[in-house]
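Take a look at the letters that make up each chain.
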Amino acid sequence: MPISTAVDASAVARVVGIKSTFKDLRGGSILYLPQRIAVVGQGAESVTYSTDKLQVTSALQVAETYGYGSPLHLAAQKLLPSNGDGVGTIPVTIFPLSAGAGAVAATGSITPVGTQLESASYRIKVNNIRSEPFVVAAGATIASITAAITAAVNAVLDMPVIAVDGTTVVNFTAKWEGLSGNDIVLEVDGSTTAGIIYAVSIMAGGLVNPNVDLALANVGDVWETMFLNCVTSDDTDTLDKFSTFVGGRWGPLTRKPCIVFCGTTEASVTTAITVPDARKTDRANVQLVSPGSKDLPFVVAARQLARIAVVANNNPAHDYGSIDADGLTPGDDSDQWDYATRDQAVKAGSSTIEVKDGVINLSDTVTFYHPAGDPTPAYRFVVDIVKLMNIIFNFDLEFATSKWDGAPLIPDDQPTINPDAKKPKTAVAAACAIIDSLGLNAIISDPETAKANTVAEIDSQNPKRLNLTTTIQLSGNANIISVDLDFGFFFGTPAIVG
């Protein structure tokens, strides 16, 4: 019989001791890994902010801390929109970046030219963010028009630019320094026949991306599962740093793998796959796309990530196809990729989308990982990495605990009355219970084979070491459905004679 430990075994005087201890009675039922989102990006250059990480609960909090219209704020609007249609209770942590050494902000301009013949209303659009409306009356002076444009743009705090009235021209400067400011798009929305023509000089001249080293060093032992990289998606130095960081998180002693998402709006698939296709063994980075969109690339990634994270959190076995990413503005129909082009993109390591009824829908969500000659790369699909994360998480919940750490370890055939004693078959039973539950949750397939391949033994060289091995098969997903439909003609029922 086991000996109670509520009272020390050496006690002699009368006493009643009752010790209350939590017992995990899940009986092998798994827990889903709670997802966490880490946003790595810049604040506005006009704002002084700490580079310490900060968990946030609203886009407003991000705006007030790091500046309205900054990459961090615009990304947070897609993850934590005010209408609640975002990541919900999934924690979002900001890892702020300072501008890189020698960084320069992108600039552009709008120049009104001609004479206004009739009154008309206009707005300036900056990456689909609309200014306040402004009216240009017939015969209005150029100076009055530039003043109206400047006031209309600066009245919207979310704008990623600051407008400055130059009397004959309106000059725009990105609110942050760096290459990503070159992705800002300026447009004039309004009549093209009222007289004035608006000459737009595209945003350019942004130089030097920020360094992510400090942000990654600040992650610590927290399991941040999904990162949003707000740096330009073609910055291979930054991609290398994320790849190295994530590689370490897969380590057996760290056991906290993660995925890093960036965005692109390149309409040409050839251009869009240039970076992913060259990074064939990169299982860390994921490129989320919206071909031809005028949204900022990191905004595209943020909104799609909001959808991915919720599914990964609530049903990790499920893929992300046909999930809408409303809140983004797709590019022109002519910019969208057909099936053959999407297939080309996936094989080269780029995710894809489809536009259905004017709404962006996620299609294949993949990492850059696609080693040459491997038709089924192990780390291609993000959903498979999420499944692996959940498997690691549940084995960790079982074995990285006080009930296993330092427990007496004895052979399978040795009797014991010590309730804390562990045997190899105890470890096998615990692993098999996890495997059964993983199967019930459709995270793995064929749990019976996995259980049959689960073996444990006391190490032959170290009596304080238990070796456990198992082999599992991840479940698939219904990404491709092939139907052969035969048909014929109905020729009527033959007449019955007599």
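Structure: above.
Owing to the predicted nature of the structure, the values given are computational and were not obtained by experimental measurement. (Residues numbered from 1 in each chain as written. Predicted model: local features only at pLDDT ≥ 70, side-chain atom pairs only at ≥ 80, totals over all residues. Heavy atoms only, no water.)

**Overview of the packing of aromatic side chains**
In step 1: Counting across every chain of the model gives 13 aromatic pairs.
In step 2: A ring pair is formed by Phe487 and Phe489, whose centres lie 6.1 Å apart and whose planes are at 80 degrees; its orientation type is edge-to-face.
In step 3: Arg283 extends its terminal NZ or CZ atom over the ring of Tyr379, reaching a point 4.6 Å from the ring centre.
In step 4: Above the face of the Trp404 ring, Lys422 is positioned so that its terminal group lies 5.1 Å from the ring centre. (Phe/Tyr/Trp six-rings, centres within 6.5 Å; stacked < 30°, edge-to-face > 60°. Lys NZ or Arg CZ within 6 Å of the ring centre and 35° of its normal.)

**So, helix α3 (residues 142–154)**
In step 1: In this model, α3 (13 residues) spans 18 Å end to end at C-alpha, consistent with the 18 Å of a helix rising 1.5 Å per residue.
In step 2: Among all positions of α3, only Ile145, Thr146, Ile149, Thr150, Ala152 and Val153 are buried. All buried residues of α3 lie within an arc of 165 degrees about the axis, which places them on one face of the element.
In step 3: On the buried face of α3, the contacting elements are β4 (107–113), β5 (120–126), β7 (134–136), β8 (161–165), β9 (170–174) and β11 (197–204). (Helix = DSSP H or I, 4+ residues; strand = E, 2+ residues; numbered from the N terminus. Expected span 1.5 Å × (residues − 1). Buried < 20%, exposed > 50% of the residue type's maximum accessible area, 1.4 Å probe, protein only. Arc of directions from axis to C-beta. Contact = heavy atoms within 4.5 Å.)

**Looking at unusual backbone geometry**
In step 1: Even without a glycine there, the phi angle at Asn127 is positive, about 50 degrees.
In step 2: For Asn127, the location among the structural elements is in the loop between β5 and β6 (129–130).
In step 3: Asn127 sits in the buried class, given a relative accessible area of 5%.

**Some details on the packing of helix α10 (residues 382–399) against helix α11 (residues 424–440)**
In step 1: Where α10 contacts α11, the two axes come as close as 11 Å, and the packing angle between them is 145 degrees. Remark: the crossing between α10 and α11 carries right-handed chirality. Residues Ile391, Asn394, Phe395, Glu398 and Phe399 of α10 form the contact with α11, whose own contacting residues are Ala427, Ala430, Ala431, Ile434 and Leu438.
In step 2: Class assignment of the residues belonging to the contact of α10 with α11 gives a composition of 8 nonpolar, 1 polar and 1 charged. (Axes fitted to C-alpha atoms, helices over the stretch in contact; angles between N-to-C directions. Left-handed = near helix turned anticlockwise from the far one by under 90°. Nonpolar A, V, L, I, M, F, W, Y, C, P; charged D, E, K, R; others polar.)

**Here's the deal with the pattern of salt bridges**
When the charged atoms of two side chains lie near each other, side chains of opposite charge can form a pair.
In step 1: All chains considered together, the criterion is met by 20 salt bridges.
In step 2: Glu398 is the partner of Lys403 in a salt bridge, and the nearest nitrogen-oxygen pair spans 3.4 Å.
In step 3: Judged by its relative accessible area of 41%, Lys403 is partly exposed.
In step 4: Of the residues examined, Glu398 reaches a relative accessible area of 16% and is grouped as buried. (Salt bridge = Lys/Arg side-chain N within 4 Å of Asp/Glu carboxyl O.)

**Focus: the sheet that holds strand β3 (residues 92–97)**
In step 1: Read from one edge of the open sheet, 6 strands run β2-β3-β1-β12-β13-β14, paired in mixed fashion. Strands at the two margins of the open sheet, each flanked by one partner only, are β2 (54–56) and β14 (285–289). Going across the sheet, the axis of each strand differs from the next one's by a mean of 30 degrees, ignoring polarity.
In step 2: In this sheet, β14 lies alongside strand β13 (residues 259–264) in parallel orientation, the contact comprising 5 bridges. Bridge pairing in β14 links Phe261 to Val286.
In step 3: Running at roughly 140 degrees to β2, helix α1 (residues 59–66) makes contact with β2 and β3 of the sheet.
In step 4: Seen against the sheet, helix α8 (residues 297–314) touches β1 (37–42), β12 (226–229), β13 and β14 and runs at an angle of roughly 170 degrees to β12. (Pairing = 2+ DSSP bridges.)

**Remarks on the packing of α1 against helix α2 (residues 71–79)**
In step 1: Viewed as axis vectors pointing N to C, α1 and α2 meet at an angle of 180 degrees, and their least axial separation amounts to 8 Å. By the angle between their axes, α1 is roughly antiparallel relative to α2. Contacts between α1 and α2 involve Ala59, Val62, Ala63 and Tyr66 from the former and Leu72, His73, Ala76 and Gln77 from the latter.
In step 2: Of the residues belonging to the contact of α1 with α2, the class tally is 6 nonpolar, 2 polar and no charged. (Parallel < 35°, antiparallel > 145°, perpendicular 65-115°, else oblique.)

**Thoughts on the sheet that holds β11**
In step 1: One open sheet holds the 4 strands; their spatial order is β8-β9-β4-β11, and the pairing between them is antiparallel. Looking at the sheet topology across the chains shown, the edges are occupied by β8 and β11. Neighbour-to-neighbour, the strand axes of this sheet turn through a mean angle of 15 degrees, independent of strand direction.
In step 2: With 5 bridges joining them, β8 and β9 adopt antiparallel strand pairing. Note that in β9 the partner of Asp165 across the bridge is Val170.
In step 3: Docked against the sheet, α3 engages β4, β8, β9 and β11, running at close to 155 degrees with respect to β8.

**Notes on α10**
In step 1: Taking 1.5 Å of rise per residue, the 18 residues of α10 would be expected to cover 26 Å, and the 26 Å separating its terminal C-alpha atoms lies within 8% of that figure.
In step 2: Extensive coverage of α10 is indicated by the burial of 13 of its 18 residues.

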